[in-house]
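This is what each chain is made of:
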Amino acid sequence: MENLIKIYYPTKYETRSQNFFNEYDFEKVITCPNEIIRDLKLKSQRVCRFCNLKYGDVSFKKDAHIISNFLGNKYLVSDFECDNCNSIFSSYESHLSNFIEPIRAFKKFFGERENKKFKSPDKKSVIENINFQGLQDCVSVSRENVDDPIFEFDREAGETSIKLKKQPYSPLLLYKSILKIALSCLKQEDVKNY
Ligand SMILES: [Zn+2]
């Protein structure tokens, strides 16, 4: 598996990450398919892995995305998340969305089709995709007041830092939204241990 996957992590977490991967190995790698999954369980046979209720006691009408739709996952859906749990998790996802929101405005820059504009809560700074002097899909980061110190340029290091205010989010609910993705990736027989 090591030969197939390259993992990137921030330099400051390098030691921690290496320690982790010295002790643990991948069990499986999950990617988002490009088309609808066809081998899902029939709705009448479904049981929710989060509340343990089965079809009839709860409904399974909605598409339950294993990885959030706004992260770019269209077709990776599960057959073990009821509509009640799905709507609880959706409320957590808004915290994940607020946490990563400024980055999402760069998605088009990295080849995504969706154009997502970011406006800071104080409306003073904006990230958006623009066509600039004939070049398509450029990223513009602008500020209302040119004296606003949201940019830092380090010419020698060749680095630009941008500091922006995000929409508020709860770290606990942000964690829960990521935990839900992790629990959805477990094998069914392991779920009882969590
Ligand atoms: Zn449920």
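Since this is a predicted model, take the numbers as computed values, not measurements. (Residues numbered from 1 in each chain as written. Predicted model: local features only at pLDDT ≥ 70, side-chain atom pairs only at ≥ 80, totals over all residues.)

With that settled, the discussion passes to the overall build of the chain. Per the secondary structure count, the chain includes 3 helices and 7 strands. Order of helices (α) and strands (β) in the chain, N terminus to C terminus: α-β-β-α-β-β-β-β-β-α. Its C-alpha radius of gyration of 20 Å places the chain more than 25% over the 16 Å reference for a compact globule of 194 residues. Dimensions of the chain along its principal axes, counting C-alpha atoms only, are 60 × 40 × 35 Å. Per-residue burial for the chain yields a buried fraction of 11% across its 194 residues. Within the chain, residue pairs in contact and separated by at least 24 positions form 54% of the contacts whose partners lie at least 6 positions apart. (Helix = DSSP H or I, 4+ residues; strand = E, 2+ residues; numbered from the N terminus. Rg over C-alpha atoms; globule rule 2.2 N^0.38 Å. Buried ≥ 20, exposed ≤ 12 C-beta atoms within 10 Å, placed from the backbone. Contact = placed C-beta atoms within 7 Å.)

Moving on, we get to the sheet that holds strand E3 (residues 118–119). A sheet is described by the order of its strands in space; here 3 strands give the open sequence E3-E4-E5, paired in antiparallel fashion. A strand with exactly one partner marks an edge of an open sheet, and here the two such strands are E3 and strand E5 (135–143). Two elements, strand E4 (residues 125–132) and E5, share 7 bridges in a ladder whose sense is antiparallel. Looking across to E5, one finds that Val126 is bridged to Ser142. (Pairing = 2+ DSSP bridges.)

Here helix H2 (residues 83–104) contains 22 residues, and its C-alpha end-to-end distance of 27 Å is more than 12% below the 32 Å for a straight helix at 1.5 Å per residue. At Asn98, H2 is deflected by roughly 40°, the largest bend along its length, and proline Pro102 occurs up to four residues later in sequence. Buried within H2 we find Asn86, Phe89, Tyr92, Glu93, His95, Leu96 and Pro102. For H2, the secondary structure elements touched by its buried residues are strand E1 (64–65), E3, E4 and helix H3 (171–185). (Expected span 1.5 Å × (residues − 1). Bend = angle between axes of the 7 residues up to and from the residue.)

This brings us to the packing of H2 against H3. The angle between the axes and the distance between the axes are what describe a pair of packed helices. Running from amino to carboxyl end, H2 crosses H3 at an angle of 110°, the nearest separation of the two axes being 8 Å. Regarding the angle of H2 to H3, the classification is roughly perpendicular. In terms of crossing hand, the pair formed by H2 and H3 is left-handed. Touching Phe89, Tyr92, Glu93, His95, Leu96 and Phe99 of H2 are Leu173, Leu174, Lys176, Ser177, Ile178 and Lys180, all from H3. Of the residues in the contact of H2 with H3, the class split is 7 nonpolar, 2 polar and 3 charged. (Axes fitted to C-alpha atoms, helices over the stretch in contact; angles between N-to-C directions. Parallel < 35°, antiparallel > 145°, perpendicular 65-115°, else oblique. Left-handed = near helix turned anticlockwise from the far one by under 90°. Nonpolar A, V, L, I, M, F, W, Y, C, P; charged D, E, K, R; others polar.)

Positive phi, normally seen in glycine, also occurs at Lys123, with a value near 60°. The residue Lys123 is located in the loop between E3 and E4 in this model. If you check the backbone angles, Gln133 has positive phi at about 50° while not being a glycine. In this fold, Gln133 is placed in the loop between E4 and E5.

All right, on to the environment of Pro33 then. Checked against the element boundaries, Pro33 lands in the loop between helix H1 (14–23) and E1. Remark: the alpha-carbon pair of Pro33 and Lys124, spanning 91 residues in sequence, is separated by 38 Å. With residues up to four places along the chain from it excluded, the contact list for Pro33 reads Tyr75 and Leu76.

Next up on the list: the pairing of E4. Along any regular strand, the residues point their side chains to alternate faces of the sheet. Pairing analysis gives 2 bridges linking E3 to E4, with the strands arranged antiparallel. The residue bridging Phe118 from the neighbouring strand is Ile127, located in E4. As consecutive antiparallel partners, E3 and E4 are separated by 5 residues, and within that stretch Lys123 has a phi angle of approximately 60°, a positive value.

Attention now goes to the environment of Tyr9. Considering the arrangement of structural elements, one finds Tyr9 in the segment before H1. Here Tyr9 falls in the exposed class, since 12 other C-beta atoms lie within 10 Å of it. A sequence separation of 20 residues divides Tyr9 from Val29, and the C-alpha atoms of the two residues are 17 Å apart. Once residues lying within four places of it in the same chain are set aside, the contact partners of Tyr9 are Glu14 and Ser17.

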